[in-house]
Amino acid sequence: MKRTTIVLGGGIVGISSALSLQERGHSVIVVDRKAPGRETSYGNAGLIQREAVEPYPLPRDPSELIQHAFGLSPAVHYHWRALPTILPKLIAYWRASTPARHAQISKEWATLIENSTSEHAQWIEQANAQELVTPKGFRFAWRQEHSFKAGVERAKRLQQTFGVQFRALGTDELLHEEPAITQRFVGAVHWTEPWAVSDPGELVSRYAALFAQRGGLIVQGDALSLQQTTNGWSVMTQDGLHEASDAIVALGPWADDALRPLGYHFPLFVKRGYHKHYQVERQLSMPLLCADDGVMLAPMRAGLRITTGAELTLRDAPATPVQLKMAERVAARALKIGKPVEDTAWLGARPCTPDMKPIIGAAPRHRGLWFNFGHAHQGFTLGPASARLLADMFDGKTPYINPAPFTAKRFDEVKQ
Ligand SMILES: Cc1cc2nc3c(=O)[nH]c(=O)nc-3n(C[C@H](O)[C@H](O)[C@H](O)COP(=O)(O)OP(=O)(O)OC[C@H]3O[C@@H](n4cnc5c(N)ncnc54)[C@H](O)[C@@H]3O)c2cc1C
């Protein structure tokens, strides 16, 4: 049966969900307070990460933990004042990061990742966005011998376990293949299957334009006006009240704002990240992760985008771009970088859950309410793959992958 649906959130996850449901004949309205793809889905590193078959665990190595605790690495920065609020979630994240649990979580998570490029491919083609996408992979490069060795060992393990493809490169091979690099890295791993997008926000806009061309409605409105009605759900927008039988919460780092009034208290938290663009004389041919420092250098239409690792604090805390300063120094060693393109750094928040997996599927306690959020470091990668899973469940079809690992029930507890 064809239904009407309100999708709350026009990031990569919301727009992909809208496209999937529209393709199956449902009538869909996307509600966002901004234009599509202007928040987290705009500011990421633009990678469709087919190699990311393991989500990021919380480090358990004491030396790494000390580095992070004292803010010595651009990879992670803790705001100690936020700890009382985020500590319970970090403890749950720590527990999920034991080698045994992480291995199990990775098996489940990989079922989505394995479909990431193929699910993007159809929308890229139909949205006529091929010129934004370079399907040549990306590289991790190391400046320390021991970390390079460990990186290659990990790549071999991922190849054996998940079939992920890579090539290991020595110092000279890397410099030969990527002449923009000015640093003598010990070596690199070239993951050959991921795709790089030169303007991730624009890719979401193209997907949104495709959705609109096919009759989809995109309206400005506040997701927090969501109300349950006798026949389903309603939301107030700039062009009035919209009603539908179903509603999908795809609000990324803001999901909690809409869920709490409905009585859902999921242990969500964010890992914030910064970026800034820089002019470069010679652009990289594909993104480069300075892997010892967790700094990603991504060639974009706007310049070289330097993105930072994780800042663990409250979503709305004031910006403290100390990691970007460190990342600039890492980038200046690796490449010849020029002036920044913008004065102010972009700040965004990766929407995270303690077990590293998104929440996809039916709301446990409300008819016609659906969830699709919490994609953490790989939401840009996973938008279309998780949208397909949601659409299968929405239609009552046999889901194309096992949905159980992503169910909201794993976190649902009723608070009085
Ligand atoms: C620095 C950085 C680098 C990253 N690099 C990568 C990468 O290379 N590859 C990758 O796969 N992922 C990457 N990510 C993660 C990825 O960007 C996110 O997981 C993904 O964008 C989340 O998408 P989303 O649609 O869930 O959220 P969003 O894109 O944030 O969309 C949520 C939408 O909800 C809307 N909204 C919020 N509140 C309301 C409200 N009250 N009313 C109406 N609308 C509302 C917002 O305006 C927004 O459009 C990175 C993230 C960061 C921060």
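A. Molecular detail of the domain arrangement of the protein. If you check the domain split of the protein, you get domain 1 (4–41 + 201–264 + 355–410) and domain 2 (53–113 + 128–194 + 268–352). The interface of domain 1 with domain 2 comprises 32 residues on the first partner and 28 residues on the second. The contact between domain 1 and domain 2 buries some 2,500 Å² in all, and 70% of this surface belongs to carbon and sulfur atoms. Looking only at domain 1, the three residues that lose the most surface to domain 2 are Arg206, Met356 and His377, adding up to 29% of its buried area. Taken together, the connections running from domain 1 to domain 2 amount to three salt bridges. Salt-bridge contacts for lysine 357 lead to glutamate 108; the nearest nitrogen and oxygen are separated by 2.8 Å. Where domain 1 packs against domain 2, one counts eight residue pairs in polar contact (both at pLDDT 80 or more). Counting only elements with at least two residues in the side of domain 1 that touches domain 2, the list comes to α9 (200–213), α10 (255–259), β22 (359–362) and α12 (379–394). Counting residues per element, the side of domain 1 that touches domain 2 draws most heavily on α12, at five residues. In terms of residue class, the side of domain 1 that touches domain 2 is built from 17 nonpolar, eight polar and seven charged.

B. Geometry of the site of the ligand. Close contacts around the ligand come from 33 residues, with Asp32, Thr40, Ser41, Ala376 and Thr381 the closest. A distance of 3.1 Å is found between an oxygen atom of the ligand and a backbone nitrogen or oxygen belonging to phenylalanine 380. For the ligand, whose unbound accessible area comes to 1,000 Å², protein coverage reaches 98%. For the shell around the ligand, the elements supplying multiple residues, two or more each, are α1 (12–23), α2 (40–43), β21 (346–352) and α12. For the shell around the ligand, the element with the most residues is α12, which contributes three residues. Its residues assigned to classes, the shell around the ligand shows 13 nonpolar, 15 polar and five charged. Two domains share the shell around the ligand, each providing at least three of its residues, namely domain 1 (4–41 + 201–264 + 355–410) and domain 2 (53–113 + 128–194 + 268–352).

C. Quick peek at the pattern of salt bridges. Throughout the structure, instances matching the rule amount to 26 salt bridges. Among the ionic contacts, a cluster of salt bridges with common partners joins Arg24, Asp392, Asp395 and Lys397.

D. Geometry of the environment of proline 364. Mapped onto the fold, proline 364 is located in the loop between β22 and β23 (369–373). Measuring from C-alpha to C-alpha, the distance between proline 364 and valine 204 comes to 29 Å, with 160 residues separating the pair along the chain.

E. Just the sheet that holds β22, in detail. With respect to topology, six strands assemble into an open sheet ordered β10-β2-β1-β14-β23-β22, the strand pairing being mixed. Edge positions in the open sheet fall to β10 (217–220) and β22, since each of these has one partner strand only. Strand-to-strand twist in this sheet, taken as the mean axis angle between neighbours without regard to direction, amounts to 20°. Judged from the four bridges that link them, β22 and β23 form a sheet pairing that is antiparallel. Across the sheet, isoleucine 359 pairs through a bridge with phenylalanine 373, a residue of β23. Those strands touched by α12 are β1 (4–8), β14 (246–249), β22 and β23, and its axis lies near 165° from that of β23.

F. Spotlight on the packing of α1 against α9. Between α1 and α9, whose axes approach to 10 Å, the crossing angle comes to 30°. Looking at the two axes, α1 sits roughly parallel to α9. For α1 against α9, the interelement crossing comes out left-handed. Every residue of α9 that contacts α1 at Ile12, Ile15, Ser16, Ala18, Leu19 and Gln22 is listed here: Val204, Tyr207, Ala208, Leu210 and Phe211. Classifying every residue of the contact of α1 with α9 by side-chain character gives nine nonpolar, two polar and no charged.

G. How the structure looks around the packing of aromatic side chains. Summed over the entire model, instances satisfying the criterion amount to 14 aromatic pairs. A centroid spacing of 6.4 Å and a plane angle of 40° characterise the contact between phenylalanine 266 and phenylalanine 373, whose relative ring orientation is tilted. Residue phenylalanine 266 is found in the loop between α10 and β15 (269–280), and its partner phenylalanine 373 is found in strand β23; the two are separated by 107 residues along the sequence. With a centroid separation of 5.5 Å and an interplanar angle of 55°, the aromatic rings of phenylalanine 371 and phenylalanine 373 are classed as tilted.

H. Fine view of the sheet that holds strand β13 (residues 240–244). Taken in spatial order, the three strands of this open sheet run β11-β12-β13, and their pairing is antiparallel. Strands at the two margins of the open sheet, each flanked by one partner only, are β11 (227–228) and β13. As defined by bridge partners, β11 adjoins strand β12 (residues 233–237) across two bridges and the pair is classed as antiparallel. Bridging across to β12, glutamine 228 finds its partner in tryptophan 233.

Conventions adopted
- Residues numbered from 1 in each chain as written.
- Predicted model: local features only at pLDDT ≥ 70, side-chain atom pairs only at ≥ 80, totals over all residues.
- Heavy atoms only, no water.
- Domains from an automatic or database assignment.
- Contact = heavy atoms within 4.5 Å.
- Buried area = accessible area lost by both parts, 1.4 Å probe.
- Salt bridge = Lys/Arg side-chain N within 4 Å of Asp/Glu carboxyl O.
- Polar contact = N/O pair within 3.5 Å; in protein donor to acceptor, adjacent residues only side chain to side chain.
- Helix = DSSP H or I, 4+ residues; strand = E, 2+ residues; numbered from the N terminus.
- Nonpolar A, V, L, I, M, F, W, Y, C, P; charged D, E, K, R; others polar.
- Near = heavy atom within 4 Å.
- Areas by Shrake-Rupley, 256 points an atom, 1.4 Å probe, with all protein chains shown as cover.
- Pairing = 2+ DSSP bridges.
- Axes fitted to C-alpha atoms, helices over the stretch in contact; angles between N-to-C directions.
- Parallel < 35°, antiparallel > 145°, perpendicular 65-115°, else oblique.
- Left-handed = near helix turned anticlockwise from the far one by under 90°.
- Phe/Tyr/Trp six-rings, centres within 6.5 Å; stacked < 30°, edge-to-face > 60°.

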